[in-house]
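Results of the structural survey
Each chain, written out:
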Amino acid sequence: MTVCGDLTERETEVLAPLARGLGSAETAGRPVVAERTVKSHGGRILVKLGLRGRAQAAIFAYESGLIRPGTRCGPYARVVPETEAGEPDSKLTTGGRTAPTVSCVTETTPPHPTPQFGSGRPRSPEFRLAADALAGLRQDLFHDAFAYRPLPPLGPDSRLVSRRSGRLREYAPWGRHAVVALFGLVAMYIALFRADTSMGPAVICGLLALAPVLLTLARPAGAFWLSLAGCTATGIVSGGDWTSGIWAPSCFFSHLVVLTVVAIRTRPRTAAWMWVLTGVYSFFDASLFGHAYDQNDIAQMMFLSALILLVVAVRHIRKEAALEVTAQQTVTEHERSRRTLLEERTTIARELHDVVAHHMSVVAIQAEAAPYRVENPPPELEKAFVTIRENAVAALTELRRVLGVVRAEDYEAPDAPQPTLADLDRLLANVREAGLTVDKTVTGAVRELPQGVELSAYRIVQEALSNTLRHAPGASARVEVSYVLGGLGLRVLNGPPPAPSLLKPSPGAGHGITGMRERVTMLNGEMTAARTTEGGYEVAVFLPVAASAAEPEGGA
């Protein structure tokens, strides 16, 4: 039954004290529910009614008649109608309509008012612990106990499915369902072929043992209750002969299967509650119906069920721990990649600082010397050159400040200019001394390119050869430099190592490919890096160069 529109009775019970301004802990003591259940109901109430906070909830509660004017809406306030409080500054709306105007008038209430009839007494930790435990029991096994929760089939990536082929692969996703059904048939078989039971009652007992096992596939919590009820019905149908014990053999096996499947499909807390309720049922059934009290029968059930549930709980805990570790590793890997990316960008920024600073210095010097190269320059021209020089010097100052920001603590300023493609032969000579056989091929008309492009090209070749030394020791490499129309092409190719089983690669910092991609992206270029069919590795890069940027330097 629903009241107040779409709210249930429990949500209405929670809404009234919350609208009066009581906290979640105080509200939990009234309908005797857990504090977090109150918070869950409170959020659900706001969503259902389209409200934004407790103020609008108080308006709705007054409008619905849940609270009356004069009742408390907070520790120091009371709800009054508009005629008593005066015209408010603004009006709140609930559900798209204007609500009755209500305001809170401050009262001179002491900071710690006397609670009404113990309703606001602080609960002891033991009481809260018991209330949370009972709330967990209600949520796990009572609330929507027979709700439809089907066991989904296995996915194609699961181990059972991925290792099968042909027609067997089509039925493999339903393997878990088949195993549960098989255990149910075993329980039914035990009931059918008991020597001391006639055929008619045996069939009924077999169905009572089979039904809860199959129900675990669709309604796990309901299957547990059906199993307990089926055990009682089995004793009645079998003629009331309970001298062999409380648990009939078919019920004993069926209930263990139900406990196992439900525990696997739910969480460890549910498994613990099922074990406790199984023990309560055993003693209750023995004492209430006057059946033979067999301590061994109860002890066997409690011991075996505890052992099975413990194994399942440990499996759950390990699975959750593995998921947490995987998630943490994913986050760590993401942070490591992000940190690597930032480090590479910082390195590129430091190197490009020298290039940009060189150009700005040339601009400043030329602007200062230009007036002396012209006889009797007009004042406007001299003023323009002075402005150019001042802006260039200011830009150099700002560049030094930027360099100070991106400089690492152990950074040392280079004592030589940044390398270009003209220094490539020196790099190859150093690599050959390290034991790598490398050849160089240059195609196209060699020309001078912008310094930033040549620096990036040099660093890309340097990093590619370093990767070859680390990951393919003993292999040969080839460097191809192509001066083409509209840009520069680079290709660094290495073959497989001569004896991979005897040579151990040297691990690097993991910045190589990332750094190369950042340099290529900075220049709006293209890059591919992949293994070759022969077992080697290839890095291919194209760096675009505008014709207007290359012609002046080439023509000079």
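Throughout, a residue's number is its position along its own chain's written sequence, starting from 1. The predicted origin of the model limits local features to residues at a pLDDT of at least 70 and limits the giving and counting of side-chain atom pairs to 80 or more, whereas totals for whole chains, interfaces and linings rest on all residues. With hydrogens and water excluded, all non-hydrogen atoms of the structure serve as input to the side-chain values.

Some words on a nonpolar patch on the surface
- Each patch is built from salt-bridge-free residues with over 30% relative accessible area, joining like charges within 9 Å and nonpolar side chains (Val, Leu, Ile, Met, Phe, Trp, Tyr) within 5 Å. With residues, only the protein chains shown are counted as cover, and all accessible areas are computed by Shrake-Rupley using a 1.4 Å probe. By definition, a salt bridge exists where a carboxyl oxygen of Asp or Glu is found within 4 Å of a side-chain nitrogen of Lys or Arg. Together, Trp-275, Val-276, Val-280 and Phe-284 make up a nonpolar patch on the protein surface, roughly 350 Å² of accessible area in all.
- Elements are defined by DSSP. Helices are runs of H or I of four residues or more, strands are runs of E of two residues or more, and each kind is numbered from the N terminus. Looking at the secondary structure, you find Val-280 in helix 13 (residues 268-288).
- Residue classification places Val-280 among the partly exposed residues on the basis of a relative accessible area of 49%. Only protein chains enter the accessibility calculation, which uses a 1.4 Å probe; a residue is then buried when its area is under 20% of its type maximum, exposed when over 50%, and partly exposed in between.

Remarks on the side chain of Arg-459
- Looking at the element boundaries, Arg-459 is found in helix 17 (residues 451-471).
- By relative accessible area, Arg-459 is classed as buried at 19%.
- Pairing of N or O atoms within 3.5 Å defines a polar contact, subject to two protein rules: one partner must be a possible hydrogen donor and the other a possible acceptor, and residues neighboring in sequence count only if both atoms are side-chain atoms. Reaching out from Arg-459, the side chain makes a polar contact with the side chain of Gln-462 at a distance of 3.0 Å.
- Here, residues are in contact when the closest pair of their heavy atoms is within 4.5 Å. Those residues in contact with Arg-459, other than ones at most four positions away along the chain, are Glu-351, Gln-418, Pro-419 and Arg-519.

Brief notes about the nonpolar core
- Judged by nonpolar contacts, the single largest core of 35 residues is most densely connected at Leu-141, Phe-224, Trp-247, Ala-263 and Met-274.
- Listing elements by their share of this core, those giving two or more residues are helix 6 (125-142), helix 10 (199-215), helix 11 (220-237), helix 12 (249-265), helix 13 and helix 14 (295-369).
- When residues of this core are assigned to their parent elements, the largest contribution, nine residues, is made by helix 12.
- Those residues in contact with Leu-141 that lie beyond four places of it in its chain are Ala-221, Phe-224, Trp-225, Thr-270, Trp-273, Met-274 and Leu-277.
- Buried residues of nine kinds, namely Ala, Val, Leu, Ile, Met, Phe, Trp, Tyr and Cys, make up a nonpolar core once their side-chain atoms join them within 4.5 Å. One finds Leu-424, Ala-457, Val-492 and Val-539 within the second-largest nonpolar core, a separate group that totals 31 residues.

Some words on helix 18 (residues 512-522)
- Within the sequence span of helix 18, burial applies to Gly-512, Gly-515, Met-516, Glu-518, Arg-519 and Val-520.
- Two residues or fewer past helix 18, Asn-524 is found with a positive phi of approximately 60°.

Here we look at the pairing of strand 9 (residues 476-484)
- Only one face of strand 9 is buried, namely the one carrying Ala-477, Val-479, Val-481 and Tyr-483, since none of Ser-476, Arg-478, Glu-480, Ser-482 and Val-484 on the opposite face is buried.
- Note that strand 8 (residues 437-443) and strand 9 share seven bridges and pair parallel. Looking across to strand 9, one finds that Lys-440 is bridged to Val-479.
- Convention used here: a crossover is right-handed provided that the path from the first strand, over the helix, to the second strand proceeds clockwise when the strands point away from the viewer. Following the backbone out of strand 8, through helix 17 and into the adjacent parallel strand 9, one traces a crossover that is left-handed.
- Strands pair, by our definition, only if DSSP identifies at least two bridges between them. Direction of pairing for strand 9 relative to strand 10 (residues 487-494): antiparallel, over a ladder of eight bridges. Across the sheet, the residue bridging to Ser-482 is Gly-489, located in strand 10.

Side note on helix 6
- For helix 6, spanning 18 residues, the distance from its first C-alpha to its last is 24 Å, which sits close to the expected 26 Å at 1.5 Å a residue.
- Within the sequence span of helix 6, burial applies to Ala-131, Ala-135, Gly-136, Leu-137, Asp-140 and Leu-141.
- In the segment just after helix 6, Asp-144 is the residue with positive phi, at about 50°. Residue count minus one, scaled by 1.5 Å, sets the expected span of a helix.

Quick notes on the packing of helix 10 against helix 12
- At a minimum axis separation of 9 Å, helix 10 and helix 12 run at an interaxial angle of 5°. In terms of orientation, helix 10 and helix 12 fall into the roughly parallel class. Of the residues in helix 12, those in contact with Ala-209, Pro-212 and Val-213 of helix 10 are Ser-250, Ser-254, Val-257 and Val-258.
- For the contact of helix 10 with helix 12, the residue count by class is five nonpolar, two polar and no charged. With axes taken as lines fitted to C-alpha atoms, and helix axes fitted only over the stretch in contact, angles between N-to-C directions fall between 0 and 180 degrees. Angles are sorted into four bins: roughly parallel if under 35 degrees, roughly antiparallel if over 145, roughly perpendicular if 65 to 115, and oblique for all others. Gly is placed with the polar residues, together with every amino acid not listed as nonpolar (Ala, Val, Leu, Ile, Met, Phe, Trp, Tyr, Cys and Pro) or charged (Asp, Glu, Lys and Arg).

Worth remembering: the numbers are spatial, not functional.
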